[in-house]
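# Inside the fold
Take a look at the letters that make up each chain.
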Amino acid sequence: MEKLLSEIRKCEVCAVHLPLGPRPILAASSKSKIILVSQAPGRKAHEHNKAWDDPSGRKLREWLGVTDEQFYYAYNFAVLPMGFCYPGKAKTGDLPPRKECAPLWHDLIWNEFENIKLTLVIGKYAQDVYLKEFSKGNLTENVANYQDFLPKYFPLPHPSPVNRFWRAKNPWFEREVVPELKELVSTIIK
């Protein structure tokens, strides 16, 4: 796994398309129990070279009910975004993840995992690829019906502050789904 991660961190396949240049950000161990499949690192993650090192990451750790130490311990969580580099800014939020990363690297990484207990599929980009024909049609329906995807997948909205309107329109998520998520995560990483 370490050799593969080192190779990925040197990747420059889509360098010409990246406003800040390539800086692949991911984390994993062959022993990782929970895989976080998300969209792409944000600008702060790019600057600090650390995944989920921003308000989105704080909100995600809150939803998971874990400390920073638990979250950044690769035996607990692997970080596997759809795009490994910051894609640039869009009108609202960031641009979509680059399409080159997942097809190029994901299967190779998945082949190295030995101990997966759960895959958190965070945001629409990840859900479109990972839930495929099992998708309920949109992110809200996927999240509302998260139990249909267990025990393999647990779909989540992206925890970005940009998505605060989604959370305001869907208060059931933090009231009903987040406690179930916390309990499941606690059981897995105990």
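The model shown is predicted, which means the values in this text are computed figures rather than measured ones. (Residues numbered from 1 in each chain as written. Predicted model: local features only at pLDDT ≥ 70, side-chain atom pairs only at ≥ 80, totals over all residues. Heavy atoms only, no water.)

If you tally the helices and strands in the protein, you get nine helices and four strands. Starting at the N terminus and walking to the C terminus, you meet the elements of the protein as α-β-α-α-α-β-α-β-α-α-β-α-α. Computed over its C-alpha atoms, the radius of gyration of the protein comes to 16 Å, within 12% of the 16 Å expected for a compact globule of 190 residues. The proportion of buried residues among the 190 residues of the protein is 50%. Summarising the internal contacts of the protein: among those between residues at least 6 apart in sequence, 70% fall at separations of at least 24. As displayed, the protein has an accessible area near 9900 Å², and 51% of this comes from carbon and sulfur atoms. With 27 positive and 22 negative side-chain charges, the protein shows a separation of 3 Å between the mean positions of the two kinds. (Helix = DSSP H or I, 4+ residues; strand = E, 2+ residues; numbered from the N terminus. Rg over C-alpha atoms; globule rule 2.2 N^0.38 Å. Buried < 20%, exposed > 50% of the residue type's maximum accessible area, 1.4 Å probe, protein only. Contact = heavy atoms within 4.5 Å. Areas by Shrake-Rupley, 256 points an atom, 1.4 Å probe, with all protein chains shown as cover. Lys, Arg positive; Asp, Glu negative; His and termini not counted. Charge placed at Lys NZ, Arg CZ, Asp CG, Glu CD.)

Next up on the list: the packing of helix H1 (residues 2-9) against helix H5 (residues 101-110). Running from amino to carboxyl end, H1 crosses H5 at an angle of 165°, the nearest separation of the two axes being 11 Å. With respect to H5, the element H1 is oriented roughly antiparallel. Read as a crossing pair, H1 and H5 show a hand that is left-handed. Across the interface between the two elements, Leu4, Glu7 and Ile8 from H1 touch Trp105, Leu108 and Ile109 from H5. Of the residues in the contact of H1 with H5, the class split is five nonpolar, no polar and one charged. (Axes fitted to C-alpha atoms, helices over the stretch in contact; angles between N-to-C directions. Parallel < 35°, antiparallel > 145°, perpendicular 65-115°, else oblique. Left-handed = near helix turned anticlockwise from the far one by under 90°. Nonpolar A, V, L, I, M, F, W, Y, C, P; charged D, E, K, R; others polar.)

Note: α-helices contain 3.6 residues per turn, so residues at a spacing of three or four share the same orientation. Most of helix H3 (residues 55-64) sits inside the fold, with seven of its 10 residues counted as buried. Among the residues of H3, Ser56, Gly57, Lys59, Leu60, Arg61, Trp63 and Leu64 are the ones counted as buried. Gly65 occupies a position one or two residues after H3 and carries a positive phi of about 70°.

Below, the discussion takes up the pairing of strand E1 (residues 34-37). Taking every second residue as pointing to the same face, both faces of E1 are buried, with Ile34 and Leu36 on one and Ile35 and Val37 on the other. Pairing of E1 with strand E3 (residues 118-122) involves four bridges; the strand directions are parallel. Note on E3: the bridge partner recorded for Ile34 is Leu118. (Pairing = 2+ DSSP bridges.)

Function cannot be inferred from these measures alone, as they are strictly geometric.
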